[in-house]
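Observations on the model geometry
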Amino acid sequence: MSSLAVHTLYSLLNGLDELSCQRAFLPSTEETERLNRHRQRLSSLETDTPLDDFDLLAVTTSFELDWLNLPLCLDLGGIPPRRSERTDAHPFLLGGGPCFTANPLPVLNLFDAIYIGEVEPRLPDLQALTQLPRDQWAEYLSTRPGFFVPGMTRSPVQRQYATMLDKIITATAILTPHTEFANSYLIEMSRGCRQGCSFCLAGQIYRPMRNRPMEALLGPIQSALAHTRRIGLVSASVSDYPRLDQLCHALMQMDPMPLVSVSSMRADGDNRALFELLAASGQQSVTFAPETGTETLRQSVCKRLSDEALFQGITDASDAGLTSVKLYFLVGLPGETEHDRAAIVSLVEHLTRDFPGCSFTISINPFVPKPHTALQAAEVPDYRTMRQLLATVSTALRRLPRVQVRAGSARWAAVQTAISRGDEHLASALVAASTKQVDFSQLRRLFAEAGSNLDQIGIPPIRDGQYPWDIIAMPTAPASKAGL
Ligand code: SF4
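Model, not experiment: these values are computed from the prediction. (Residues numbered from 1 in each chain as written. Predicted model: local features only at pLDDT ≥ 70, side-chain atom pairs only at ≥ 80, totals over all residues. Heavy atoms only, no water.)

1. Section: the site of the ligand
Close to the ligand lie Cys 193, Gln 195, Cys 197, Phe 199, Cys 200, Gly 203 and Ala 236. Residues that form the shell around the ligand fall into these classes: five nonpolar, two polar and no charged. (Near = heavy atom within 4 Å. Nonpolar A, V, L, I, M, F, W, Y, C, P; charged D, E, K, R; others polar.)

2. Quick notes on the pairing of strand S12 (residues 324-331)
Pairing geometry for strand S11 (residues 285-291) and S12, over five bridges, is parallel. Across the sheet, Ser 285 pairs through a bridge with Ser 324, a residue of S12. Judged from the eight bridges that link them, S12 and strand S13 (residues 359-366) form a sheet pairing that is parallel. Considered in S13, the bridge of Val 331 is made with Pro 366. Between the parallel pair S12 and S13, the chain is carried across by helix H13 (residues 338-354), and the sense of this crossover is right-handed. (Pairing = 2+ DSSP bridges. Helix = DSSP H or I, 4+ residues; strand = E, 2+ residues; numbered from the N terminus. Right-handed = clockwise from strand over helix to strand, strands pointing away.)

3. Looking at the packing of H13 against helix H14 (residues 383-398)
At their nearest, the axes of H13 and H14 sit 9 Å apart, and the two run at 20° to each other. Our classification of the angle between H13 and H14 gives roughly parallel. In terms of crossing hand, the pair formed by H13 and H14 is right-handed. Mapping the contact onto sequence places Arg 341, Ile 344, Val 345 and Val 348 in H13 and Leu 389, Val 393, Ala 396 and Leu 397 in H14. (Axes fitted to C-alpha atoms, helices over the stretch in contact; angles between N-to-C directions. Parallel < 35°, antiparallel > 145°, perpendicular 65-115°, else oblique. Left-handed = near helix turned anticlockwise from the far one by under 90°. Contact = heavy atoms within 4.5 Å.)

4. Side note on the packing of aromatic side chains
Per the counting criterion, the structure on display carries nine aromatic pairs. Arranged with centres 5.7 Å apart and planes meeting at 70°, the rings of Phe 92 and Trp 137 form a pair that is edge-to-face. Here Phe 92, found in strand S2 (residues 92-96), pairs with Trp 137, found in helix H6 (residues 137-142); they are 45 residues apart in sequence, far enough to count as distant. The two residues Phe 92 and Trp 137 agree in class, both being buried. The structure contains a cluster of three or more aromatic residues connected by ring pairs, namely Trp 67, Phe 100 and Phe 111. Geometry around Tyr 10 places Arg 23 over its ring, the cationic atom sitting 5.2 Å from the centre. (Phe/Tyr/Trp six-rings, centres within 6.5 Å; stacked < 30°, edge-to-face > 60°. Buried < 20%, exposed > 50% of the residue type's maximum accessible area, 1.4 Å probe, protein only. Lys NZ or Arg CZ within 6 Å of the ring centre and 35° of its normal.)

5. Here we look at the domain arrangement of the protein chain
Split by domain assignment, the protein chain resolves into domain 1 (4-158) and domain 2 (164-283). On a C-alpha basis, the centroid separation for the pair domain 1 and domain 2 is 29 Å. Each partner contributes residues to the interface: domain 1 has eleven residues there, and domain 2 has 15 residues. Note on domain 1 versus domain 2: buried area summed over both sides is about 1100 Å², and carbon and sulfur give 66% of it. Among the residues domain 1 hides against domain 2, the three largest losses belong to Leu 4, His 7 and Glu 118. Together they make up 49% of the total. For Arg 191, the salt bridge goes to Glu 118, with nearest N and O atoms at 2.9 Å. Between domain 1 and domain 2 we count five residue pairs in polar contact (both at pLDDT 80 or more) in total. Contributions of two or more residues to the side of domain 1 that touches domain 2 are made by helix H1 (4-14) and helix H4 (98-102). For the side of domain 1 that touches domain 2, the per-class residue count stands at four nonpolar, four polar and three charged. (Domains from an automatic or database assignment. Buried area = accessible area lost by both parts, 1.4 Å probe. Salt bridge = Lys/Arg side-chain N within 4 Å of Asp/Glu carboxyl O. Polar contact = N/O pair within 3.5 Å; in protein donor to acceptor, adjacent residues only side chain to side chain.)

6. Brief notes about the pattern of salt bridges
Evaluated as defined, the whole model comprises 28 salt bridges. A salt bridge links Arg 210 to Glu 118; the nearest nitrogen and oxygen atoms lie 2.7 Å apart. Of this pair, Arg 210 sits in strand S8 (residues 210-211) while Glu 118 sits in the loop between strand S3 (113-115) and helix H5 (123-128), and the two are 92 residues apart along the sequence. By relative accessible area, Arg 210 is classed as buried at 2%. The exposure class assigned to Glu 118 is buried, which follows from its relative accessible area of 4%. Taking the shortest distance from any N to any O, the salt bridge between Arg 445 and Glu 449 comes out at 3.2 Å. In this pair, Arg 445 and Glu 449 are both assigned in helix H17 (residues 440-449), four residues apart and thus about one turn of the helix distant. By relative accessible area, Arg 445 is classed as partly exposed at 45%. Look at the salt bridges and you will find they share partners, linking Glu 118, Glu 120, Glu 188, Arg 191, Arg 210 and Arg 212 into a network.

7. A closer look at the nonpolar core
Ranked by internal contacts, the top residues of the largest apolar core, which has 105 residues, are Ile 364, Leu 397 and Phe 447. The element contributing the most residues to this core is helix H16 (residues 426-436), with seven residues. Counting contributing residues, this core receives three or more from each of domain 1 (4-158) and domain 2 (164-283). In this structure, Leu 397 is in contact with Ile 344, Val 345, Val 348, Ile 362, Ile 364, Val 403 and Val 405, ignoring residues within four places of it in sequence. With 18 residues, the next largest nonpolar core counts Tyr 10, Val 119, Ala 138 and Phe 147 among its residues. (Core = buried A, V, L, I, M, F, W, Y, C linked by side-chain atoms within 4.5 Å.)

8. Let's talk about H1
Among the residues making up H1, those that are buried are Leu 4, Val 6, His 7, Thr 8, Tyr 10, Leu 12 and Leu 13. Its buried side turned inward, H1 meets strand S1 (56-60), H5, strand S6 (185-188) and strand S9 (230-234).

9. Observations concerning unusual backbone geometry
Residue Pro 208 follows Arg 207 across a cis peptide bond; omega there is -10°. Relative to the helices and strands, Pro 208 is located in the loop between helix H7 (202-205) and S8. That bond from Asp 255 to Pro 256 is cis: its omega, 0°, falls within 30 degrees of zero. Its location among the elements puts Pro 256 in the loop between helix H9 (244-253) and strand S10 (259-262). One non-glycine residue with positive phi stands out, namely Glu 18, at about 60°. In this fold, Glu 18 is placed in the loop between H1 and helix H2 (29-37). Phi angles above zero are rare outside glycine, and Arg 402 is one such case at about 60°.

Given below as structure tokens:
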């Protein structure tokens, strides 16, 4: 429920005639043990209906590592994870979301159909299923744009995207205290990003950037204020919203004034009005992503941010009272040298000197290459080397005053890389790893048996000159003016 995608699907599907949608989630370890002990099946939250009693299961995941839990969920719901082990008596299994859109190959043999792209334009196709017998669903979807039906679809499948975002609202459907964004009303300002960082999946699979008109945001926010003052503005880069100053001003004038937070922003935008709004909302922190220590490496991955702009961004933020600064960096990028990694430490050291009133949280993460990005074929260090690179940078950073360091896991980054660039051979490893709940060393062995050696430098599989994800075509439509 911390994912706006779940809220969106829940609202959109329940808005269709003759169709009702309920929710089920991966249970906690304790709940999983309880289900197994009592031989009960994983059920929906709304009516406690076991998963295998549903007609269709629409599965969405944001991250590749979630696929390690997917077969377990199905198993707990009484559904054989592999498509070949199911019949028409089982629910139809439909997958969708960012990692399915990028490269569904590793889970292709689990699903009856995979949807590629944004769901809004193809809702009528899902509604049409209610008028068809179950045994015709796969064939019907194979004729519809954006659906990949194993054994029926001739690739490549065109990614679908919504062109009329100004006519639909993407926002929180259920307010709850039990999420990352407790009791917050999240609303999507824009979709896509007009930057083109070469490592970024979101920058590719949500093209083109589309903005919602300001008026389309203010109405729902005003209505939401009757239930909560916490408002979260969601966008790949809030700073790129064309009428940001006016929007911030309008939000400041609302009664009661919303307590605003934002998903992410660029350091080099003019964010001063936004910083004032955030400070007035009681926020103390600001997050930027310089990604690299040197400008040269930053430019080589198309991240258009100078050190000067970063310093100016932090100056503006701290002037407004946002003195807790969080910075994101990547390690293991192609072409990165020891000098680039040392420069991360020098840059942060410089910041601690220039901003004595600020505290810094530095997040250092291993680079994970993603399909359809300019760095899709990049070689990445094996996880032991990556662990050493992360440790060197983190240890040096931890010696600096007012600096907290959070380092990502090199092991799990290697698994993520293997899945993100994997092919259909990985399905057996995912099913075995998930249903048996294995540890990392067992996972390593299962992946090796599936042809993906986590101990070696990561390179993508190529067959007949093609990457696994070449079954997906990414249209590069021009940026839409709609909604500005
Ligand atoms: S600015 Fe952020 S969202 Fe946009 S392409 Fe770069 S990393 Fe991706």
